[in-house]
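Tertiary structure, described
The lines below spell out each chain.
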Amino acid sequence: MQKHTANDPAGPNSSTIAILQQMATYYDQMGDEWRTRAYRKAMGTLRKHPTKVWTKEEALALPQIGDRLATKIEEIAFTSRLRRLDNARAHPADQILQTFMKVYGVGFAKASEWVKQGWTTLDDLIDNAELTQNQRIGIEHFEDFNSRIPRDEVAQHGECVRKALQSIDPAFEVIVGGSYRRGASTSGDIDCLITRPDTTLSQLRSIIVDKLVPSLTLSGFLVAALATTSKDTGSKWHGASCLASSTTWRRIDFLFVPSDELGAGETNNATYSLEASLTVLFAALIYFTGNDIFNRSLRLLASTKGMRLNQRGLFRDVIRGRGREKLSDGTLVEGRDEQRIFAALGVPWRPPEHRIC
Ligand code: DCP
Ligand code: MG
Ligand code: MN
């Protein structure tokens with residue numbers, strides 16, 4: 001794991017990394033996985049490098065940095081910017097694409113389809129495009145969903161959910177995760193992890209979907225239901241909420257997590273200790289705390305150690321085939337808190353506020 005993070009002023013390459021990060025995000029949005037990966041690898045290398053990298057030659061001498069990226073690093077070091085990024089931002093079609101991609105649930109494919117139709121504004125879409133219900137909500141509340149939520153408002157939304165759940169049953173717990181748990185002063189949405197002892201995933205799901213959501217909708221707090229996923233990997237509910245004191249709609253996500261062996265589900269070993277089953281909860285908490293890039297690097301690290309980390313747990317003795325495909329699930333590692341999961345992975349402990357890559 002890296003010593004410096006992108007916004008750590010102590011890192012000698014932090015300003016270069018910040019610009020490479022914007023470029024990586026840009027390529028990620030374009031669906032260009034190959035370039036995204038190349039940029040992230042280069043950022044990883046620079047983060048570990050103890051001195052400022054100025055020239056192409058210096059950059060080329062480092063691992064994971066090829067010729068073209070080395071040229072870019074030199075340009076950024078000397079000019080503090082990257083022409084390619086400026087061009088991307090100035091190009092009108094790209095800007096329209098970027099705007100369309102900020103509509104909830106709209107990815108690169110849909111956005112570029114709209115650009116090809118010649119539509120240039122959100123109003124064009126409302127007037128002309130065939131929209132799903134969610135896309136319509138996403139466009140009508142475009143400003144709302146794309147504005148940052150102040151930290152204390154995130155807490156208030158979390159509190160509304162907590163109150164409603166605890167009036168159903170005081171044993172419910174709500175943890176606000178995501179960027180809020182990492183200590184951010186503003187968040188893009190409200191991520192609520194919901195759990196209750198001795199409750200299976202399907203029990204949780206039915207309480208949340210059949211009781212919590214209807215009651216919070218009736219009270220006017222939940223204003224839209226956008227998506228529910230109910231895969232065996234856990235369940236999510238996506239929607240929008242609004243405080244009584246406000247008219248701004250916020251994006252809110254629920255993640256339902258079974259906290260004990262009843263819900264631990266489908267691993268091969270029949271007996272679970274309480275500790276192993278708590279891993280399920282804490283692996284979900286680590287997942288939902290993020291950020292996404294930190295999660296990716298933890299998972300990768302787990303796989304290099306013959307383990308597997310996902311939002312359902314940390315598993316040991318995973319057997320992989322030649323193509324690194326998983327042949328057996330392995331057994332659930334024990335741990336009653338996040339720190340033990342980090343320890344089992346052999347990673348130094350990082351509190352949530354330092355989990356940014
Ligand atoms: N997550 C992930 N991979 C993704 C999306 C999400 O691992 N592709 C995890 C890590 C995130 C958490 O889920 O921290 C919540 O996702 P959000 O999209 O809500 O992201 P954040 O809360 O981190 O940031 P924001 O303030 O933009 O909501
Ligand atoms: Mg979030
Ligand atoms: Mn979220």
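Source: prediction; values computed, not measured. (Residues numbered from 1 in each chain as written. Chains lettered and ligands numbered in written order. Predicted model: local features only at pLDDT ≥ 70, side-chain atom pairs only at ≥ 80, totals over all residues.)

Side note on the nonpolar core
If you look at the biggest cluster of nonpolar residues, it comprises 58 residues, and the most contacted ones within it are Leu193, Ile194, Ala283 and Ala284. With 10 residues, helix α15 (residues 274–289) is the largest single contributor of residues to this core. Residues contacting alanine 283, with those up to four places away along its chain left out, are Leu309, Asn310, Gln311, Arg312, Gly313, Leu314 and Ile341. (Core = buried A, V, L, I, M, F, W, Y, C linked by C-beta atoms within 7 Å. Buried ≥ 20, exposed ≤ 12 C-beta atoms within 10 Å, placed from the backbone. Helix = DSSP H or I, 4+ residues; strand = E, 2+ residues; numbered from the N terminus. Contact = placed C-beta atoms within 7 Å.)

Some words on the UniProt feature "active site" (unreviewed entry) in the protein
In this structure's numbering, the residues bearing the UniProt feature "active site" (unreviewed entry) are Lys72. Position of lysine 72 relative to the elements: it lies in helix α4 (residues 67–79). (UniProt positions renumbered as here; feature names shortened; annotations may be inferred.)

What to know about the site of ligand 1
The local shell around ligand 1 consists of Gly178, Ser179, Ser187, Gly188, Asp189, Asp191, Tyr287, Phe288, Gly290, Asn291, Asp292 and Asn295. Those elements giving two or more residues to the shell around ligand 1 turn out to be α12 (178–181), α15 and α16 (292–304). The class makeup of the residues in the shell around ligand 1 is 2 nonpolar, 7 polar and 3 charged. (Near = placed C-beta within 6 Å. Nonpolar A, V, L, I, M, F, W, Y, C, P; charged D, E, K, R; others polar.)

Let's talk about the sheet that holds strand β12 (residues 331–332)
A sheet is described by the order of its strands in space; here 3 strands give the open sequence β8-β9-β12, paired in antiparallel fashion. The open sheet is flanked by β8 (308–310) and β12, the only strands paired with a single partner. Alignment of strand β9 (residues 313–316) against β12, held across 2 bridges, turns out to be antiparallel. Opposite arginine 316, over in β12, you have threonine 331 as the bridge partner. Across the sheet, α16 is in contact with β8 and β9; its angle to β8 comes to roughly 155 degrees. (Pairing = 2+ DSSP bridges. Axes fitted to C-alpha atoms, helices over the stretch in contact; angles between N-to-C directions.)

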